[in-house]
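# Architecture and fold: a report
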Amino acid sequence: MKSMRRLPAAAVFLCALAACTLPRGAAMQSEILKNSEAEAPQFAHYAVDSKLLPAIQHWPASKAAVSRQWLSGGIGRTGQVLSAGDAVQIAVWENGENKLMTNAGSPTTQLQTTQISSAGAIFLPYAGPVKIAGLTPDEAREKIQTKVSELIPSAQVQLESTPGKSNAISLVGGVARPGNVPLTDRSLTVLNVLSEGGGVLPSIVNPQLRLLRGGKVYETSMQRVLDDPALDAGVRPGDKIVVEPDRRSFLALGAAGREQVVKFPQDHVSALEAVTLVGGIDGARANPKGVLVLREYPASAVHADGKGGPAQQRVVFSIDLTTTDGLFSAQNFEIQPSDLVLATESALVNVRTVLGLFNASLNTARTAQKVEAN
């Protein structure tokens, strides 16, 4: 009987103790936002709704976002253009008895294959150097034909060329067949060159294109180029193209389906898609009114009035997934690189846990009472 009289007091003590010390997997929304109303807040807080979305569209990018440039257009003329390092093979046809380059028993002579020099010229027997770099093979043949005709009026010239290493595009990686792609046609574009390399590897998630040209780096996503033909830029000799996975990511923590670093699977990821990518929020733990996105902006982005940018460098966006406006706004709120998406924990979790402990303590006490009675 004494143990039963002590039971209510012990249970109350256990509940009070549990409420203070129970471990939790995530913070509650009130804990994260408690400083936002202070006189000197450490961060700015904005509720994501239909009123906020038009304003933040004009805000600068987050601190982790990287500005990227890409080329457009710039397609060269159709056909090959000769360049220094290209191999050229010339055949000369002569008629008549007095022959200068061919033998008596043969109407043609095959001149030794030669490379176009760094000065853009080849050496032609009896005619000297002839500059042909920058010309198409047909234009070069006509120019050589003119030179030879000054010596042999009846001669005919045939020209074949093979692009050299300097007149090629380097596919560095991310395609089925990396290597050099000879620039046999100046109208080739980035997508043409990738096709020559066997296409982008299917294992690459949201492939990103990097084009290195003249000491500059140009970057964009493969999807942007596929969606907009104007971005399928023409290539130039010496270009290097790399295809790699999207390096951008965001961090998911708290009462979500999974806590992990999530790579961007596409160019744009909304807050609602971000929640889906981590398996949703835990129905038994999460507060659907308290999905938070923590983001840091550069100091240059801060605007005291909050119109042209956030009022603080550190910003917490809160999203309520229990309202229609909140759901639509979450679908249109874009996640940026290095954002922290936090699913806060419901206050009811502690209550349920304490009640569970209370019931467990009652069962333990009753078991002890039965043992004493026996």
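Residues numbered from 1 in each chain as written. Predicted model: local features only at pLDDT ≥ 70, side-chain atom pairs only at ≥ 80, totals over all residues. Heavy atoms only, no water.

The name recorded for the protein chain in an unreviewed UniProt entry is Polysaccharide export protein, from Paenirhodobacter huangdaonensis.

### Remarks on the layout of surface pockets
Quick reminder of the rule: Cavity and pocket criteria rest on a 1 Å grid covering protein atoms alone: a 1.4 Å probe that fits but cannot get out defines a cavity, protein on both sides within 12 Å along at least 5 of 7 lines defines an open pocket, and an atom within 4 Å of a point defines a lining residue. Grid points are joined across faces, edges and corners, and a volume is the space filled by probe spheres set on the points. Only DSSP runs of H or I reaching four residues or more are called helices, and only runs of E reaching two or more are called strands; each is numbered from the N terminus. As a working rule, the residues Ala, Val, Leu, Ile, Met, Phe, Trp, Tyr, Cys and Pro are called nonpolar, Asp, Glu, Lys and Arg charged, and the rest polar, with Gly in that last group. Delimitation of the domains relies on an automatic or database domain assignment.
One number sums up the size of the largest pocket: a volume of about 930 Å³. Surrounding the largest pocket, 36 residues form its lining, Ala65, Arg248, Asp267, Glu334 and Pro337 being those nearest its centre. When contributions to the lining of the largest pocket are tallied by element, the ones reaching two or more residues are helix H3 (53-56), strand S10 (208-213) and strand S11 (216-221). Grouping the amino acids of the lining of the largest pocket by side-chain chemistry returns 16 nonpolar, 9 polar and 11 charged. The residues that make up the lining of the largest pocket include at least three from each of domain 1 (29-64 + 248-350) and domain 3 (168-245).

### Notes on a nonpolar patch on the surface
Note the following rule: Each patch is built from residues that are more than 30% exposed by relative accessible area and take part in no salt bridge. Like charges join if they lie within 9 Å; nonpolar side chains (Val, Leu, Ile, Met, Phe, Trp, Tyr) join within 5 Å. The Shrake-Rupley method, run with a 1.4 Å probe sphere, supplies the accessible areas, and residue values consider only the shown protein chains as cover. Salt bridge, as applied in this entry: a Lys or Arg side-chain nitrogen positioned within 4 Å of an Asp or Glu carboxyl oxygen.
A cluster of nonpolar residues, Leu251, Leu253 and Val261, forms a patch on the protein surface that exposes about 220 Å² of accessible area. Following the sequence through the fold, Leu251 ends up in strand S13 (residues 249-254).

### Here's the deal with helix H4 (residues 137-149)
Threshold: Each residue after the first adds 1.5 Å to the expected span of a helix. Burial status follows relative accessibility: with a 1.4 Å probe on protein chains alone, a residue under 20% of its type maximum counts as buried, one over 50% as exposed, and anything between as partly exposed. This arc corresponds to the set of directions leading from the helix axis out to the C-beta atoms. Whether two residues are in contact is decided by their heavy atoms: any pair within 4.5 Å suffices.
Given a rise of 1.5 Å per residue, 13 residues ought to cover 18 Å, and the 18 Å separating the end C-alpha atoms of H4 matches this to within 8%. Taken together, the buried positions of H4 are occupied by Pro137, Ala140, Ile144, Gln145 and Val148. Taken down its axis, H4 places every buried residue within 140° of arc, on the same side. Residues of H4 that are buried make contact with strand S2 (87-93), strand S5 (121-124), strand S6 (128-131) and strand S7 (156-162).

### Some thoughts on the pairing of strand S17 (residues 340-345)
In plain terms, the rule: If DSSP finds at least two bridges between two strands, the strands pair.
The element S17 is extensively covered by neighbouring structure, given that 6 of its 6 residues are classed as buried. Where strand S15 (residues 286-296) meets S17, 5 bridges bridge the pair, whose relative direction is antiparallel. Bridge pairing links Leu294 to Leu340 in S17.

### A short note on helix H8 (residues 324-332)
Among all positions of H8, only Gly326, Ser329 and Ala330 are buried. Take H8 and look down its axis: the buried residues cluster within an arc of 105°, on one side only. More than 90 degrees from the buried face of H8, the exposed residues found are Thr324, Phe328 and Asn332.

### Some points on empty space enclosed by the protein
Counted under the stated rule, the structure contains 1 cavity of 30 Å³ or more. Reported here for the largest cavity is a volume of approximately 50 Å³. For the largest cavity, the full set of lining residues is Leu253, Ala256, Val275, Val278, Ile281, Val291, Val341, Leu342 and Ala343. Considering each element in turn, the lining of the largest cavity owes the most residues, 3 residues, to S17. Taken together, the residues of the lining of the largest cavity break down into 9 nonpolar, no polar and no charged.

### A look at the pattern of salt bridges
Applying the stated criterion across every chain yields a total of 9 salt bridges. With a closest N to O distance of 3.0 Å, Arg210 and Glu219 form a salt bridge. Since its relative accessible area comes to 23%, Arg210 is described here as partly exposed. The exposure class of Glu219 is buried, given its relative accessible area of 14%. Two residues, Arg210 and Glu244, come together in a salt bridge whose shortest N-O distance is 3.9 Å. With Arg210 in strand S10 and Glu244 in strand S12 (residues 240-244), this pair connects stretches of sequence that are 34 residues apart.

### Concerning the sheet that holds strand S14 (residues 260-263)
Under the convention used in this document: Fitting a line to C-alpha atoms yields each axis, with helices limited to the stretch in contact; the angle taken between N-to-C directions then spans 0 to 180 degrees.
Pairing is mixed across the open sheet formed by 6 strands, whose spatial order is S1-S16-S15-S17-S13-S14. The sheet is open, and its two borders are formed by strand S1 (44-47) and S14, each paired with just one other strand. Averaged over all pairs of adjacent strands, the angle between strand axes in this sheet comes to 25°, irrespective of strand direction. Relative to S17, S13 runs parallel, the two sharing 4 bridges. Paired with Leu253 across the strands is Leu342, a residue of S17.

### Some points on the sheet that holds S10
Strand order across the open sheet formed by 5 strands is S9-S8-S12-S10-S11, with mixed pairing between neighbours. Pairing within the sheet leaves two strands with one partner each, and these edge strands are strand S9 (179-182) and S11. When the angles between neighbouring strand axes are averaged without regard to direction, this sheet yields 25°. The sheet contact formed by S10 and S11 spans 6 bridges and is antiparallel. Its bridge partner being in S11, Leu209 is matched across the sheet by Thr220.

### Some details on unusual backbone geometry
The residue Asn206 is not glycine, and still its phi comes out positive at about 45°. In this fold, Asn206 is placed in the loop between helix H5 (190-196) and S10. Positive phi is not limited to glycine here, since Ser338 has a value of about 70°.

### What to know about the pairing of S12
Within S12, 4 of the 5 residues are buried, which leaves it mostly tucked inside the rest of the structure. Pairing of strand S8 (residues 168-173) with S12, which is carried by 3 bridges, proceeds in the parallel orientation. Residue pairing across strands places Ser170 opposite Lys240, the latter belonging to S12. Of the strand pairs in this sheet, S10 and S12 are connected by 5 bridges, and their pairing is antiparallel. Bridge pairing in S12 places Leu209 opposite Val243.

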